[in-house]
Amino acid sequence: MPVTSASSPSAATAVPQDFGALLREDPEIAGVLAGEAHRQAHTLQLTAAENFVSPAVLAALGSPLANKYAEGYPGARHHGGCEQADAAERIAVRRATALFGAEHANVQPHSGSSAVLAAYAALLRPGDTVLAMGLPYGGHLTHGSPANFSGRWFEFIGYGVDPESGLIDYDQVRALALAHRPKAVVSGSISYPRHIDHARFREICDEAGAFLIADAAHPMGLIAGGAAPNPVPYADVVCATTHKVLRGPRGGMLLCGADLAERIDRAVFPFTQGGAQMHTVAAKAVAFGEAAAPSFAAYAHRVVAHARVLAAGLEAEGFEIVTGGTDTHLIVADPAPLGADGPEARARLAGAGMVLDTCALPYGNARGIRLGTAALTTQGMDDADMARLAVLIGSAVRGEGDAGAEVREMAEAHPPYPG
Ligand SMILES: *Cc1c(COP(=O)(O)O)cnc(C)c1O
């Protein structure tokens with residue numbers, strides 16, 4: 001079990017919100033939320049897809065825009081009283097297009113998966129062939145899983161990574177694209193730790209006559225901060241989440257050129273969604289504003305620097321690091337040399353207060369672990385913390401000593417919501 005015992009969660013746990021009303025009205029749920037705030041503040045969040053949003057983003061999420069119905073788009077709504085909702089969405093769109101250099105942004109997708117669904121709806125018909133990274137190599141559920149709409153409604157062909165280097169084999173992608181002539185090629189992954197060569201993907205798509213859909217859900221925050229290459233100039237459509245490194249509310253986003261703007265907008269509403277969540281749209285606007293600040297670019301570069309230090313430390317501890325390192329916030333490590341598989345390593349780390357996911361490895365069937373540095377960096381940790389954390393991860397996975405006490409100290413020294 002994760003370490004959660006020393007002090008009991010209460011409304012006094014540092015969270016930037018007033019739990020007073022909730023405590024009075026619904027102590028049962030107030031207790032759950034306080035427990036979660038306590039968990040986040042006293043354990044380390046190494047889940048590569050997570051981060052800590054700012055108090056300003058939380059304030060927008062908890063605002064009365066949560067009450068507002070706003071089907072449609074600014075200036076063309078199916079509901080009355082949308083003046084402020086329109087203003088929020090226009091600001092979010094303006095900030096998103098400026099931040100990523102896109103001609104058009106749709107900020108309504110409820111999630112990353114909803115954004116991908118809408119991108120497919122805009123460009124494809126059921127039965128079309130799509131080339132995407134295979135799930136065993138790090139493709140997302142929406143990249144052709146039989147358990148997902150994508151695998152049911154489209155013919156997915158999977159590309160892999162080189163089993164030795166762990167890197168995308170662009171010659172294989174090209175060969176598959178020319179052999180299968182897909183309607184679209186999807187770049188992007190849930191666990192690829194290296195930069196993606198967007199120009200190469202564009203070249204392949206031009207040669208094969210395919211749309212390029214860049215699913216940049218993971219690195220979108222790095223892209224905002226100039227710490228990863230931007231797919232916008234190359235892809236027909238860019239799909240993203242707003243809640244990973246980008247540090248906004250849980251949600252999705254689509255970027256495209258003016259030529260596809262209307263198709264994308266109609267694919268979101270009314271084709272795949274109803275009313276937008278306007279409090280989330282406002283919170284996305286806040287996050288885009290934060291991500292445009294020079295301090296966010298510094299943050300994004302720090303996230304990558306921290307991941308490199310952590311990866312080097314883990315390698316020194318004996319982990320096999322997929323691709324030998326990272327260009328991003330994300331590390332994939334095989335704990336086998338330390339005597340554990342991915343699920344065992346995850347359980348041992350959870351026991352010491354370190355929270356992360358298992359993940360596919362590019363070779364064999366065993367699972368590894370996936371770690372990220374976005375949340376730790378938001379908390380203000382530095383290179384020395386990363387180096388120390390690698391040692392703690394090593395000893396916890398080997399089952400030596402008690403890393404838990406020191407992990408807890410590290411977490412408490414860097415509260416996600418100080419004060
Ligand atoms: C996270 C992610 C998604 C889906 O995001 P959700 O908000 O969980 O639906 C889609 N594609 C990729 C590559 C992702 O990493």
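From a predicted model like this one, the values you see are computed outputs, not experimental measurements.

If you tally the helices and strands in the chain, you get 16 helices and 15 strands. Rg of the C-alpha trace for the chain: 22 Å, near the compact-globule value of 22 Å for 419 residues, within the 12% margin. In terms of overall dimensions, the chain has C-alpha extents of about 60 × 55 × 40 Å along its principal axes. Burial analysis of the chain (419 residues in total) assigns 55% to the buried set. If you take every contact in the chain between residues at least 6 apart in sequence, the share linking residues at least 24 apart comes to 72%. One finds the centroid of the 30 positive side-chain charges in the chain at a distance of 5 Å from the centroid of its 43 negative side-chain charges.

To continue, consider the pattern of salt bridges. Across all of its chains, the model carries 17 salt bridges by this definition. Here R266 and E262 are joined by a salt bridge, their closest N and O atoms 3.8 Å apart. Taken as a pair, R266 and E262 lie in helix α10 (residues 261-272) at a separation of 4 residues, close to a single helical turn. Each of R77, D86 and E89 takes part in one network of salt bridges that share partners.

Both strand β14 (residues 357-360) and strand β15 (residues 367-372) contribute to a ladder of 4 bridges, which runs antiparallel. In the strand pairing of β15, D357 is matched with R370. Hairpin connection from β14 to β15: 6 residues lie between these consecutive antiparallel strands, with G364 at a positive phi of about 65°.

What follows deals with the domain arrangement of the chain. Taken as a whole, the chain is organised into domain 1 (64-291) and domain 2 (296-413). Computed from C-alpha coordinates alone, the two centres of domain 1 and domain 2 are separated by 28 Å. Taken together, the contact between domain 1 and domain 2 spans 27 residues of the former and 25 residues of the latter. Across the interface of domain 1 and domain 2, roughly 2,100 Å² is buried in total on both sides, 62% from carbon and sulfur atoms. When the buried surface of domain 1 facing domain 2 is broken down by residue, P193, R194 and R247 rank first, second and third, together holding 30% of it. Put simply, domain 1 and domain 2 have 1 salt bridge between them. In this structure, R194 engages D327 in a salt bridge whose closest nitrogen and oxygen atoms are separated by 2.9 Å. Run the count over domain 1 and domain 2 and you get 11 residue pairs in polar contact (both at pLDDT 80 or more). Of the residues forming the side of domain 1 that touches domain 2, the biggest block, 3 residues, is contributed by helix α9 (residues 220-224). Along the lines of polarity and charge, the residues of the side of domain 1 that touches domain 2 split into 16 nonpolar, 8 polar and 3 charged.

Moving on, we get to the site of the ligand. As a structural note, the neighbourhood of the ligand is formed by S111, G112, S113, H140, S189, I190, D215, A217, H218, T241, H243 and K244. Here an oxygen atom of the ligand sits 2.7 Å away from a polar atom, N or O, in the side chain of S113. Contact distances for the ligand include 2.6 Å between a nitrogen atom and a side-chain N or O atom of D215. For the ligand, whose unbound accessible area comes to 380 Å², protein coverage reaches 85%. For the shell around the ligand, a count of residues per class yields 2 nonpolar, 8 polar and 2 charged.

Attention shifts here to a nonpolar patch on the surface. Together, I29, V32 and L33 make up an exposed nonpolar region whose accessible area comes to about 240 Å². With relative accessibility at 40%, the residue I29 sits in the partly exposed group.

Basis of the calculations
- Residues numbered from 1 in each chain as written.
- Predicted model: local features only at pLDDT ≥ 70, side-chain atom pairs only at ≥ 80, totals over all residues.
- Heavy atoms only, no water.
- Helix = DSSP H or I, 4+ residues; strand = E, 2+ residues; numbered from the N terminus.
- Rg over C-alpha atoms; globule rule 2.2 N^0.38 Å.
- Buried < 20%, exposed > 50% of the residue type's maximum accessible area, 1.4 Å probe, protein only.
- Contact = heavy atoms within 4.5 Å.
- Lys, Arg positive; Asp, Glu negative; His and termini not counted.
- Charge placed at Lys NZ, Arg CZ, Asp CG, Glu CD.
- Salt bridge = Lys/Arg side-chain N within 4 Å of Asp/Glu carboxyl O.
- Pairing = 2+ DSSP bridges.
- Domains from an automatic or database assignment.
- Buried area = accessible area lost by both parts, 1.4 Å probe.
- Polar contact = N/O pair within 3.5 Å; in protein donor to acceptor, adjacent residues only side chain to side chain.
- Nonpolar A, V, L, I, M, F, W, Y, C, P; charged D, E, K, R; others polar.
- Near = heavy atom within 4 Å.
- Areas by Shrake-Rupley, 256 points an atom, 1.4 Å probe, with all protein chains shown as cover.
- Patch = residues over 30% accessible without salt bridge, like charges linked within 9 Å, V, L, I, M, F, W, Y side chains within 5 Å.

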